[in-house]
Number of protein chains: 2
Amino acid sequence: MIGRYDEVSARWGSPDKPIAISDTARAFLAEKVGPARTTPPIPRTKLSAPASRLSDDQRARLQSVVGPQNVSIDDDVRLIHGGGFSYLDLVERRGDSPPAPDAVVYPTSHEQVQELIGVCGQLKIAIVPFGGGTSVVGGVRPEGGTHDAVIAVAFEQMADVLAFDEVNMTVTVGPGITGPTLERLLGVRGMTLGHFPQSWERANIGGYAATRSSGQASAGYGRSDEMVEKIRVATPRGEFRLGRAPGSAAGPDLRQLFIGSEGIFGIITEVTMRIRRQPRDKRYEGVMFPSYESGLRAFREMVSRRATADMMRLSDPQETLTNLTMAADGMKAAALDRYLKLRRVDGGCLAIFGWEGNRTQIGSRRDESWRVLRTNGAVSLGKQVGNGWEHSRFSGPYLRDTLLDNGYLVETLETCTGWRELPELRTAVTDALRSTLRRNGTDPWVMSHLSHVYETGGSLYVTVISQRDDEDAVNQWQKAKDAACEAIVAQGATITHHHAVGRDHARWLEAEVGSQGIDLLRAVKQELDPENILNPGALLP
Amino acid sequence: MIGRYDEVSARWGSPDKPIAISDTARAFLAEKVGPARTTPPIPRTKLSAPASRLSDDQRARLQSVVGPQNVSIDDDVRLIHGGGFSYLDLVERRGDSPPAPDAVVYPTSHEQVQELIGVCGQLKIAIVPFGGGTSVVGGVRPEGGTHDAVIAVAFEQMADVLAFDEVNMTVTVGPGITGPTLERLLGVRGMTLGHFPQSWERANIGGYAATRSSGQASAGYGRSDEMVEKIRVATPRGEFRLGRAPGSAAGPDLRQLFIGSEGIFGIITEVTMRIRRQPRDKRYEGVMFPSYESGLRAFREMVSRRATADMMRLSDPQETLTNLTMAADGMKAAALDRYLKLRRVDGGCLAIFGWEGNRTQIGSRRDESWRVLRTNGAVSLGKQVGNGWEHSRFSGPYLRDTLLDNGYLVETLETCTGWRELPELRTAVTDALRSTLRRNGTDPWVMSHLSHVYETGGSLYVTVISQRDDEDAVNQWQKAKDAACEAIVAQGATITHHHAVGRDHARWLEAEVGSQGIDLLRAVKQELDPENILNPGALLP
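Residue indices follow the written sequence of each chain, beginning from 1 at its first position. Each chain takes a letter, starting from A, and each ligand takes a number, starting from 1, following the order in which they are written. Confidence filtering applies because this is a predicted model: local features only for residues at pLDDT of at least 70, side-chain atom pairs given and counted only at 80 or more, and all residues used for totals across whole chains, interfaces and linings. Here the side-chain values reflect all heavy atoms present in the structure, with hydrogen atoms and water set aside.

**Q** Which residues make up the overall build of chain A, and what values go with them?
**A** Per the secondary structure count, chain A includes 19 helices and 18 strands. Against the globule reference of 24 Å for 541 residues, chain A gives a C-alpha radius of gyration of 23 Å, in line with a compact fold. The buried share of chain A, reckoned over its 541 residues, is 64%. Pairs of residues are marked as contacts when any of their non-hydrogen atoms sit within 4.5 Å. Taking contacts inside chain A between residues at least 6 apart in sequence as the whole, the part at least 24 apart equals 77%. The numbering of helices and of strands both runs from the N terminus, where a helix is a DSSP run of H or I of at least 4 residues and a strand a run of E of at least 2. Atoms counted for the radius of gyration: C-alpha only. Globule rule: 2.2 Å times residue count to the power 0.38. Accessible area is worked out with a 1.4 Å probe on protein chains only. A residue is then buried under 20% of its type maximum, exposed over 50%, and partly exposed in between.

**Q** Quick rundown of the pattern of salt bridges? Include the residues and the values.
**A** By definition, a salt bridge exists where a carboxyl oxygen of Asp or Glu is found within 4 Å of a side-chain nitrogen of Lys or Arg. For the structure on display, the rule yields 78 salt bridges over all chains. The shortest N-O distance in the salt bridge between B:Glu143 and B:Arg503 comes to 3.3 Å. Of this pair, B:Glu143 sits in the loop between strand S3 (125-130) and strand S4 (149-154) while B:Arg503 sits in the loop between helix H18 (473-490) and helix H19 (509-528), and the two are 360 residues apart along the sequence. Assessed through its relative accessible area of 33%, B:Glu143 is described here as partly exposed. With a closest N to O distance of 2.7 Å, B:Arg371 and B:Glu368 form a salt bridge. On the criterion of helical spacing, the pair formed by B:Arg371 and B:Glu368 is a turn pair, its members being 3 residues apart in helix H14 (residues 359-375). One salt-bridge network, in which partners are shared between bridges, spans A:Glu111, A:Arg232, A:Glu239, A:Arg241 and A:Glu270.

**Q** I'd like a description of the interface of chain B and chain A, backed by residues and values.
**A** Every contact between the two is made by 91 residues of chain B and, on the other side, 92 residues of chain A. Counting each side, the surface lost to burial between chain B and chain A is near 7000 Å², with a carbon and sulfur contribution of 51%. Summed over both partners, buried area is the accessible surface (1.4 Å probe) that two parts give up on being assembled. When the buried area of chain B at its contact with chain A is split by residue, B:Arg244, B:Arg306 and B:Leu520 rank highest and sum to 11% of it. Scanning the region where chain B abuts chain A turns up 10 salt bridges. The closest approach of N and O atoms between B:Asp310 and A:Arg306, which form a salt bridge, is 3.1 Å. Each polar contact in these results corresponds to two N or O atoms within 3.5 Å; when the atoms are within protein, one needs to be able to donate a hydrogen and the other to accept it, and residues that are neighboring in sequence are counted only if both atoms are side-chain atoms. Our count for the contact surface shared by chain B and chain A stands at 49 residue pairs in polar contact (both at pLDDT 80 or more). Elements that contribute at least two residues to the side of chain B that touches chain A include exactly strand S9 (238-242), helix H10 (255-258), strand S11 (276-277), helix H11 (292-304), H14, strand S16 (408-418), strand S18 (457-467) and H19 of chain B.

**Q** Which residues make up the environment of A:Ser109, and what values go with them?
**A** Residue and element names in this part refer to chain A. With respect to the element layout, Ser-109 can be found in the loop between strand S2 (103-105) and helix H5 (110-123). You can call Ser-109 partly exposed: its relative accessible area is 22%. Separated by 160 residues in the primary sequence, Ser-109 and Thr-269 place their C-alpha atoms 7.6 Å from one another.

**Q** Which residues make up the nonpolar core, and what are the values?
**A** In this text, buried Ala, Val, Leu, Ile, Met, Phe, Trp, Tyr and Cys residues form a nonpolar core when linked through side-chain atoms within 4.5 Å. Judged by nonpolar contacts, the single largest core of 235 residues is most densely connected at A:Phe289, A:Phe353, B:Phe289 and B:Phe353. Apart from the residues lying within four places of it in its own chain, the contact partners of A:Phe289 are A:Ser294, A:Gly295, A:Ala298, A:Phe299, A:Leu314, A:Gly348, A:Cys349, A:Ala351, A:Phe353, A:Leu373, A:Asn376 and A:Ala378.

**Q** Requested: an account of the relation of the copies chain B and chain A, with residues and values cited.
**A** To go from the first copy of the chain to the second, apply a rotation about an axis and then a shift along the same axis. In the superposition of chain B on chain A (RMSD 0.0 Å, axial shift 0.0 Å), the rotation amounts to 180°. Both copies are brought into coincidence by an operation consistent with a two-fold rotation axis. Taken as a fraction of all interface residues of chain B, those also at the interface in chain A reach 100%, which identifies the copy contact as same-surface. Least-squares superposition aligns the copies on the C-alpha atoms of those residues with pLDDT at or above 70 in both.

**Q** Tell me about the packing of aromatic side chains, and name the residues and values.
**A** Any two of the Phe, Tyr and Trp rings considered here, Trp counted by its six-membered ring, make a pair once their centres fall within 6.5 Å; the pair's planes then place it as stacked at under 30 degrees, edge-to-face at over 60, or tilted in between. Here the structure, examined in full by the defined rule, presents 20 aromatic pairs over all chains. Ring plane angle 10° and centroid distance 6.1 Å describe the contact between A:Tyr284 and A:Trp389, whose orientation is recorded as stacked. Highlighted residues: A:Tyr284 in strand S12 (residues 281-289) and A:Trp389 in helix H15 (residues 383-391), separated in sequence by 105 residues. Judged by relative accessible area, which is 2%, A:Tyr284 ranks as buried. Exposure remark for A:Trp389: the relative accessible area of 7% places this residue in the buried category. In this structure an aromatic cluster arises from ring pairing among A:Phe289, A:Phe299, A:Phe353 and A:Trp355. Here the guanidinium or amino end of B:Arg366 rests over the ring plane of B:Trp355, the centre of that ring lying 5.9 Å away. The ring of B:Tyr292 has B:Arg426 sitting right over it, with the charged end atom 4.4 Å from the ring centre. Over a ring means this: the NZ of a Lys or the CZ of an Arg is within 6 Å of the ring centre and within 35 degrees of the ring normal.

**Q** Requested: an account of the confidence of the model for chain A, with residues and values cited.
**A** As a general rule, the predicted coordinates of low-pLDDT regions are not to be interpreted in detail. Residues and elements named next belong to chain A. Overall, the prediction assigns chain A a mean pLDDT of 93, with 94% of residues at 70 or greater. For residues 1-7, every residue scores under 50 in pLDDT, and the model assigns this stretch 21 contacts once sequence neighbours within four places are set aside. For this predicted complex, the interface score ipTM comes out at 0.95, alongside a pTM of 0.95. A score from 0 to 100, pLDDT tells how confident the predictor is in each residue.

**Q** Report on the packing of helix H2 (residues 56-66) of chain A against H5(A), specifying residues and quantitative values.
**A** Residue and element names in this part refer to chain A. Where H2 meets H5, the axes come as close as 9 Å, and the angle between the chain directions of the two elements is 165°. Compared by their axis directions, H2 and H5 come out roughly antiparallel. Pair H2 / H5 crosses with right-handed handedness. Where H2 abuts H5, its residues Gln-58, Arg-61, Leu-62, Val-65 and Val-66 lie against Gln-112, Glu-115, Leu-116, Val-119, Cys-120, Gln-122 and Leu-123. When grouped by side-chain class, the residues that make up the contact of H2 with H5 number 7 nonpolar, 3 polar and 2 charged. To get an axis, fit a line to the C-alpha atoms, keeping to the stretch in contact for a helix; angles then go from 0 to 180 degrees between the N-to-C directions. For this classification, under 35 degrees means roughly parallel, over 145 means roughly antiparallel, 65 to 115 means roughly perpendicular, and everything else is oblique. Helix crossings fall into two classes, left-handed where the near helix is turned counterclockwise from the far one by less than a right angle and right-handed where it is turned clockwise. Note on residue categories: nonpolar means Ala, Val, Leu, Ile, Met, Phe, Trp, Tyr, Cys or Pro, charged means Asp, Glu, Lys or Arg, and polar means any other residue, Gly included.

**Q** For the sheet that holds strand S17 (residues 445-451) of chain B, give the residues involved together with the corresponding values.
**A** Residues and elements named next belong to chain B. Read across the open sheet, the 7 strands follow the order S15-S12-S14-S13-S17-S18-S16; overall the sheet is antiparallel. Each edge of the open sheet carries a strand with a single partner, namely strand S15 (379-382) and S16. This sheet shows a mean twist of 25° between the axes of neighbouring strands, independent of strand direction. When S17 meets S18, the two strands line up antiparallel, connected through 7 bridges. Paired with Met-447 across the bridge in S18 is Thr-463. Here, strands pair whenever DSSP counts at least two bridges between them.

**Q** Report on the pairing of strand S18 (residues 457-467) of chain A, specifying residues and quantitative values.
**A** Residues and elements named next belong to chain A. Among the 11 residues in S18, 11 count as buried, and that is most of the element. For strand S16 (residues 408-418) and S18, the ladder comprises 11 bridges, and the chain directions are antiparallel. If you follow Leu-409 over to S18, its bridge partner there is Ser-466. Here strand S17 (residues 445-451) folds back onto S18 in antiparallel fashion, the turn holding 5 residues, of which His-452 has a positive phi close to 50°.

**Q** How would you summarise the sheet that holds strand S4 (residues 149-154) of chain A if you had to cite specific residues and measurements?
**A** Residue and element names in this part refer to chain A. If you trace the 4 strands from one edge of the open sheet to the other, you get S1-S2-S4-S3, paired in mixed fashion. The strands lining the two open edges of the sheet, one partner per strand, are strand S1 (71-72) and strand S3 (125-130). Bridge count for S2 against S4 is 3 bridges, and the pairing is parallel. When the bridges of S4 are listed, Val-104 appears paired with Ala-152.

**Q** Break down unusual backbone geometry for me, with residues and values.
**A** The phi angle at A:Arg212 is positive, at roughly 55°, despite the residue not being glycine. Position of A:Arg212 among the secondary structure elements: in the loop between helix H7 (205-211) and helix H8 (218-221). Of note, B:Ala500 is a non-glycine position whose phi angle comes to about 80°, a positive value. Within the secondary structure, B:Ala500 is located in the loop between H18 and H19. Given a relative accessible area of 1%, B:Ala500 falls into the buried group.

**Q** Residue-level account of the packing of helix H4 (residues 87-94) of chain A against helix H18 (residues 473-490) of chain A, with values.
**A** Each pair of packed helices gets described by two things: the angle between the helix axes and the distance between those axes. All names here are of chain A. It is at 10 Å that the axes of H4 and H18 come closest, and there the two elements cross at 180°. Our classification of the angle between H4 and H18 gives roughly antiparallel. Facing H4, whose interface residues are Tyr-87, Leu-88 and Val-91, H18 presents Ala-473, Val-474, Gln-476, Trp-477 and Gln-478. Of the residues assigned to the contact of H4 with H18, the class counts are 6 nonpolar, 2 polar and no charged.

**Q** Just give me the short version of helix H17 (residues 422-437) of chain A, but keep the residues and values in it.
**A** Compared with the 22 Å implied by 1.5 Å per residue over 16 residues, the 22 Å span of H17(A) between its first and last C-alpha is a close match. Of the positions making up H17(A), those classed as buried are A:Leu422, A:Leu425, A:Arg426, A:Ala428, A:Val429, A:Thr430, A:Ala432, A:Leu433, A:Thr436 and A:Leu437. In this scheme, a helix's expected span is set at 1.5 Å multiplied by one less than its residue total.

**Q** Which residues make up the side chain of A:His498, and what values go with them?
**A** Inspection of the secondary structure assignment puts A:His498 in the loop between H18 and helix H19 (509-528). A polar atom in the side chain of A:His498 sits 2.8 Å from the side chain of A:His497. Beyond its immediate stretch of four places on either side in the chain, A:His498 contacts A:Thr211, A:Arg212, A:Ser213, A:Ser214, A:Glu414, A:His452, A:Ser459, A:Tyr461 and B:Ala249.

**Q** Summarise the side chain of B:Asn535; cite the residues concerned and give the values.
**A** In this fold, B:Asn535 is placed in the segment after H19. Non-local contacts of B:Asn535, meaning those with residues more than four positions away in its chain, are made with B:Ile127, B:Val128, B:Pro129, B:Gly139, B:Glu262, B:Gly263, B:Ile264 and B:Arg503.

**Q** I'd love a proper account of H14(B), names of residues and values included.
**A** End to end, H14(B) covers 24 Å across 17 residues, agreeing with the expected 24 Å (1.5 Å per residue, within 8%). Buried residues of H14(B): B:Gln361, B:Ile362, B:Arg366, B:Glu368, B:Ser369, B:Trp370, B:Val372 and B:Leu373, and no others. Looking at the packing, one finds that the buried side of H14(B) touches helix H14 (359-375) of chain A together with strand S12 (281-289), H11, strand S14 (349-357) and S15 of chain B. A distance of 3.1 Å separates the backbone nitrogen of B:Thr360 from a side-chain oxygen at the start of H14(B), and that oxygen is part of B:Asn358. Phi turns positive, to about 75°, at B:Gly377, one or two residues after H14(B).

Written as structure tokens, this is what we have:
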């Protein structure tokens, strides 16, 4: 459990399973961005972790709460908990002085978490609640604010299913259970949570709830915050148990203050999530639109005509081209082949749709969807393309590692806005990235997709690849990030649709909720965590 | 505009259109509860309103904000704003000393509301935000807390459509617009809000948002709190504009602190709601189940198999019997006839389902529903029964007036819990009401239905009719209300699913959110309204 990852901390998956870039992909990147350079992270053997700043007495106090075996100051363990997977995290963690918390503590119960918060308050030690450690916005960076020391609190020992109720269709779990484990346990009973963010392999349920994550099939299954029925939270002011019924009008929904609070108000120690029956069947399908505009219109009409799929994703022309060039061979071959046969001109946009349910439901819902798709010029690329996407749906972070190893900057940004505002938002973010990441005479490669559709709009997910400036990597990134965030804010869109705020977006939260909103959040913080023990620096600037 | 209701304030609708009780209904009530007595409210001509406690100077200050014509101390106007439509309100308002606020003020803009809050803070005058005045939980009772005077702020002059966006499928409105007006304006553009609470004829949109109301077709259209995209709020600490995108992970969703806050944190001055295309077709249908258990099982399975209708409602045996006896003649005749033909035994339960959409969608969705219904022994009673229900869907409050005029106590209670807990909850609430409202040797008549289904449970709506004790009407009711609330709390259910907290449920809010939750709400109140100007006594005990 302790030190569960045998890979180096700077990589998403095991270093034994790198994703190689094919020659085609290599040539594509060289043409679009610039040539690859071999730039591996500094190996663990050449690194040392910063010394733990905990005194023996402090360590003993922590041990008295959770037991000596559940407090680790081991360098490997601390380095693994030295941050998440944001670009900034990775730049630091791949470098020669990676950060690390002063200890990693593994409580086994709500009561221990509650006591730990009390002890850390007395000792003035900051706590970073460390879920799966998959934050891409600096949400788990080991920063202690004004405190001298900071510990990561990890939840591998609070990862049990506490209750399973197939009448109410809920499961109650400890925060540390990961998606794959929960899906396996639910699967044997014919159930599913249906929440598949790209971080699924490593993220845990407490993290889902603390960050309002959204899964790839959110159109059909909802966002994680919609799945949370009840939460139990340990705070410096004591325990909260919130969520009394499937629906309620008993005052403001206080759950929503903790969901999305990223650990700054309290630590979620139990979550009751609604579950679904596993669909008997699935149908994933690739579709080609003649243009981005036609795809966007089709997505919008599908929603307003209640003709949605459970998974809906529309790539822009750049992402379409990239996918068709770089994607897994099976998908590429099939898609390219059909695509070329259809002799579509440049600008075609690839979409993936997934319908789930019993065969009759899939059939009638797919018919409804296709009624809209056809009127917007869509052509089916068949199941193989859809299945290819599903097969590689979690491969993004692995591919990012490979690109980082090859001298590229690669970053993803996401936001959300109304249907009407989406095209301009895409242009604005693209322009911001292009103007700030041009390097050695070459523009960055910016591509995006629309996913997570709502009745009133959707989420825009942007990927940018450029040559990395290894002399000044942080500034190079920060300049681009600032420009993109400013563009998002100027367009009236949300600063984050599902990556959360963390430390990287904190400066833009005021644009989102106003100075009154910041004051209100600070008042809640003052009420719940007056010593600012919990995740200082995250969320609130 | 001012004094828009020409009826006496104690009645839901115009006194010209009373709902008469048929002889059958009269006999039914006499048998089940006791004989009717003629007990009309005291007529307006025999009443005087309490004198306004505002000084001339105070009135002038209010007038300086909204204009002289928009401050009324007219007795009729004040009496009309003397409360909502809770049983307690009605007992008071039908009696000889009905309450009234010291003035009714009609702002015309956000800025005026903001200024009004400031002036009232200086003058120590409490504000009751008065939406449609349809609260059935004492949410708009003119109580000023520790302040000497209290005004009702009404929104008839902030009832415009401010923006209509058929790309984003949203409408932005002032808080004062009512359901019928909005539906008419949306209807000419082929759109609908789809929110039809029983209070629809009078309630307004600001009230929906402030109380987390839920409409009869919530299974298909969602709760009102799910429809709110953006809100603008005036508070003593200034303006909030919340809701930046259809989906967001930018920290806690602060909208949810104001939605459901019942005016104690601020006054909602603009609401952006998502809208839907008007369905091309509707199919409402009556269905008979052999038992309550089979109906409950069918409802649960419909949800978990994604085979729901947009409107779903299951009456228990008592409500079934009542509906078949007392309901509008068309429905009764048809239903009874079919019912008897089917020779079902006692205990059969009536359900109403409504599917909306295009014909193909209705057809395939209804087929899916019926696959579940059939396996649970359901028999169709046909469209006529369904249409009969739809036709009389807003008649409840009128019928209540008639029952009050006939010497009965009639009250409705609603709650929500998980599927597993619903049967026991129903028994517990029924027992609580039976044991406290037995009178002159006769039990009250308690009936309920299940509606507002969720994936994990549903709402239980209970109606109770008993003989009214005119000597001690408040205590008679309070004893029963307390017992019912205690039963709800003891069962772990929510104290309110859609009626909200108001003043009548405030004592039970702690059971819902814990003492920590109350402290947190108080901290927010302290931050936003330290002088306790806004709706004192509502929500927080």
